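As a plain string of letters, each chain reads:
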Amino acid sequence: MTTFANRPLIHSLTPASEADDASYLDFVEGVRVFNQQQVQGGFKERYAQAVAEFEQVYGRPPSTLEDAHAMLDRIPLFASRSRLWRSTQEMMWEQIRQTYRKREPELLAELDRADRSGPGSVHWDPNFQYPQYILDHEIHLQPGSYHADPLAGYIYHYGTKIFFTPTIGNQDDDDNQRQMVNAMPLPVDGQVRRVLDLACSIGQSTTAWKERLPQAEVWGIDIAAPMVRYCHKRAVDLGLDVHFAQMAAEDLKFPENSFDLVYSYILFHELPVPVIREVLRQVHRVLRPGGIFLINDFAGKTMAEGRMWSSSVAQPSAAPADRTGDPLQLWLLDFITKHNGEPFAWDYCHLDMHAELRAAGFPTSRHFDTGRQIVIEATK
Ligand SMILES: C[S@@+](CC[C@H](N)C(=O)[O-])C[C@H]1O[C@@H](n2cnc3c(N)ncnc32)[C@H](O)[C@@H]1O
């Protein structure tokens with residue numbers, strides 16, 4: 001595992017930026033690592049003590065979110081973790097935006113050039129109407145979210161190098177997405193002519209699918225124009241023949257039965273429940289019979305036995321597993337829902353996705369553990 005002592009300096013991973021920008025971000029990353037490893041690392045013991053104190057006062061174990069707040073909010077260790085998380089998130093985006101703003105004309109020209117280059121293609125619409133739920137909040141506190149800043153692809157990519165630290169590691173070489181894609185099953189008949197990567201963001205999973213299945217036609221769609229433009233620029237740089245299009249996952253413009261495999265990595269916890277339901281119906285429509293849909297996201301309450309089910313990264317539970325409401329897990333999920341610009345995460349994690357898939361027309365679904373992620377597989 002990367003530790004504060006052995007982690008590489010962030011500026012060694014990034015495109016050229018000025019040393020003062022890079023050192024600021026290096027500091028922010030260091031505080032985040034400290035927060036995750038040292039502050040959150042101390043949760044287990046202090047949490048057990050807090051539960052014992054709660055039981056003494058109330059004569060019962062804590063079991064609800066309200067109990068979790070009553071028990072944890074007053075403890076400096078837990079309050080510090082929340083404050084540090086939010087502040088470092090805000091500091092990170094602010095500095096990354098400032099860094100890239102200085103190079104805006106050059107980067108916009110780079111995107112324009114890539115738009116007209118191959119291999120592969122990109123389609124986006126400058127007049128695209130974003131749905132209200134996209135406009136209403138700033139995801140992960142990123143100013144302008146994925147859609148409103150023309151440099152959002154660059155900014156988000158740089159941000160992932162910091163906010164995935166230290167659990168996932170280097171985002172420059174696409175290793176995280178590649179390892180996950182390579183761990184995914186294929187349809188049982190082995191036929192994969194067309195792959196769709198839903199909500200492809202900066203396209204790391206999309207290009208990983210093309211690397212894994214070079215003969216397949218691979219598409220990545222995302223609702224945000226700056227993201228698909230950046231995806232295509234990356235794919236052109238990598239020389240990979242992949243197609244990207246700006247499209248809402250709940251309004252797919254592909255014909256029915258046109259994909260063998262649809263994949264989504266950390267999309268669903270960012271969607272309101274009615275939109276989730278529409279996306280599932282759309283995926284069912286575009287998949288061919290026997291095709292599979294792979295959902296790689298927060299594990300959710302119905303499938304994360306003994307895990308931090310609000311985390312997309314497998315880690316041992318800090319508290320005894322209680323699927324009906326582990327207060328620490330409720331507390332952590334409530335935090336990201338309210339304070340990390342992920343307002344739909346709580347509802348997603350409380351959905352029974354197997355029941356939702358059934359309602360969308362999928363006859364079978366299962367979930368499995370890749371060792372680092374719990375993934376849902378549905379077959380049409
Ligand atoms: C966390 S990122 C996804 C990461 C990406 N799948 C990967 O492999 O790295 C979430 C993405 O979902 C996109 N998104 C959000 N709502 C969407 C929707 N309704 N339809 C399509 N894309 C959407 C966002 O623009 C953003 O790029």
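In case you missed it, the structure is sitting above this.
Every value quoted in this text rests on a predicted model; they were computed, and no experiment measured them.

Conventions adopted
Residues numbered from 1 in each chain as written. Predicted model: local features only at pLDDT ≥ 70, side-chain atom pairs only at ≥ 80, totals over all residues. Helix = DSSP H or I, 4+ residues; strand = E, 2+ residues; numbered from the N terminus. Core = buried A, V, L, I, M, F, W, Y, C linked by C-beta atoms within 7 Å. Buried ≥ 20, exposed ≤ 12 C-beta atoms within 10 Å, placed from the backbone. Contact = placed C-beta atoms within 7 Å. Expected span 1.5 Å × (residues − 1). Near = placed C-beta within 6 Å. Nonpolar A, V, L, I, M, F, W, Y, C, P; charged D, E, K, R; others polar. Pairing = 2+ DSSP bridges. Axes fitted to C-alpha atoms, helices over the stretch in contact; angles between N-to-C directions. Parallel < 35°, antiparallel > 145°, perpendicular 65-115°, else oblique. Right-handed = clockwise from strand over helix to strand, strands pointing away.

A. Expanded view of unusual backbone geometry. The step from glycine 118 to proline 119 runs through a cis peptide bond, and the omega angle for that step is 5°. Despite not being glycine, histidine 140 has its phi angle at roughly 55°, a positive value. If you trace the backbone, histidine 140 turns up in the loop between α6 (132–135) and α7 (152–163).

B. Region of interest: the nonpolar core. By size, the foremost hydrophobic cluster in this structure holds 92 residues, and its most contacted members are Val195, Val262 and Tyr263. Setting aside anything within four residues of it in sequence, one finds tyrosine 263 in contact with Met184, Val195, Asp197, Leu198, Ser205, Trp209 and Leu294.

C. Expanded view of the environment of aspartate 297. Note on placement: aspartate 297 falls in the loop between β6 (287–296) and α12 (327–339). Separated by 27 residues in sequence, aspartate 297 and glutamate 270 have C-alpha atoms that sit 9.9 Å apart.

D. Here's a closer look at helix α10 (residues 225–238). End to end, α10 covers 20 Å across 14 residues, agreeing with the expected 20 Å (1.5 Å per residue, within 8%). Along α10, 12 of the 14 residues are buried, which leaves the element largely enclosed by surrounding structure. Residues of α10 that are buried: Ala225, Pro226, Met227, Val228, Arg229, Tyr230, Cys231, His232, Lys233, Arg234, Ala235 and Val236. Considering only its buried residues, α10 is in contact with α5 (104–115), β1 (121–123), α7, α9 (204–212), β3 (217–222) and β4 (243–246). Directly beyond the C-terminal end of α10, a positive phi value near 70° is found at glycine 239.

E. Just the site of the ligand, in detail. Close contacts around the ligand come from 19 residues, with Tyr146, Ala199, Ser201, Ser205 and Ala249 the closest. In terms of residue class, the shell around the ligand is built from 12 nonpolar, four polar and three charged.

F. Structural detail: α7. Taking 1.5 Å of rise per residue, 12 residues should cover 16 Å, and α7 covers 15 Å from first to last C-alpha, within 8% of that figure. For α7, a buried count of 11 out of 12 residues is recorded, marking the element as mostly surrounded by other parts of the structure. Of the residues making up α7, those classed as buried are Ala152, Gly153, Tyr154, Ile155, Tyr156, His157, Tyr158, Gly159, Lys161, Ile162 and Phe163.

G. A look at the sheet that holds strand β8 (residues 374–379). Spatially, eight strands are ordered β1-β4-β3-β2-β5-β6-β8-β7 in an open sheet, and the strand pairing comes out mixed. Sheet topology places β1 and β7 (364–369) at the edges, where each strand pairs with a single neighbour. Averaged over all adjacent pairs, the angle separating strand axes in this sheet is 15°, with direction ignored. Against the sheet, α10 touches β1, β3 and β4, its axis set at about 170° to β4. Helix α11 (residues 273–286) contacts β2 (194–198), β5 (259–265) and β6 of the sheet and is inclined by roughly 140° relative to β6.

H. Main features of the packing of α7 against α10. Across the interface, α7 lies against α10 with an axial gap of 7 Å and an inter-helix angle of 75°. The orientation of α7 relative to α10 falls into the category roughly perpendicular. Judged by residue contacts, Ala152, Gly153 and Tyr154 of α7 engage Pro226, Met227, Arg229 and Tyr230 from α10. Here the residues of the contact of α7 with α10 are counted per class, giving five nonpolar, one polar and one charged.

I. Broad picture of the environment of isoleucine 96. Residue placement: isoleucine 96 occurs in helix α4 (residues 76–101). Between the C-alpha atoms of isoleucine 96 and aspartate 21, which are 75 residues apart in sequence, the distance is 7.9 Å. Each residue touching isoleucine 96, except ones within four places of it in the same chain, is listed here: Leu25, Ile155, Tyr158 and Gly159.

J. Quick look at the pairing of β3. Extensive coverage of β3 is indicated by the burial of five of its six residues. Across five bridges, β2 lies against β3 in parallel orientation. Bridge pairing links aspartate 197 to glycine 220 in β3. Taking the sense of rotation as the criterion, the β-α-β connection linking β2, α9 and β3 turns out right-handed.

K. Structural view of the pairing of β4. Residues His243 and Ala245 of β4 are buried on one face, and the alternating residues Phe244 and Gln246, pointing to the opposite face, are buried as well. Here three bridges tie β1 to β4, and the two strands are oriented parallel to one another. When the sheet's bridge partners are listed, serine 121 is paired in β4 with histidine 243. Bridging between β3 and β4 involves four bridges; their strand directions are parallel. Note on β4: the bridge partner recorded for tryptophan 219 is histidine 243. You can see the chain leave β3, run along α10 and come back into β4, and the turn it takes is right-handed.

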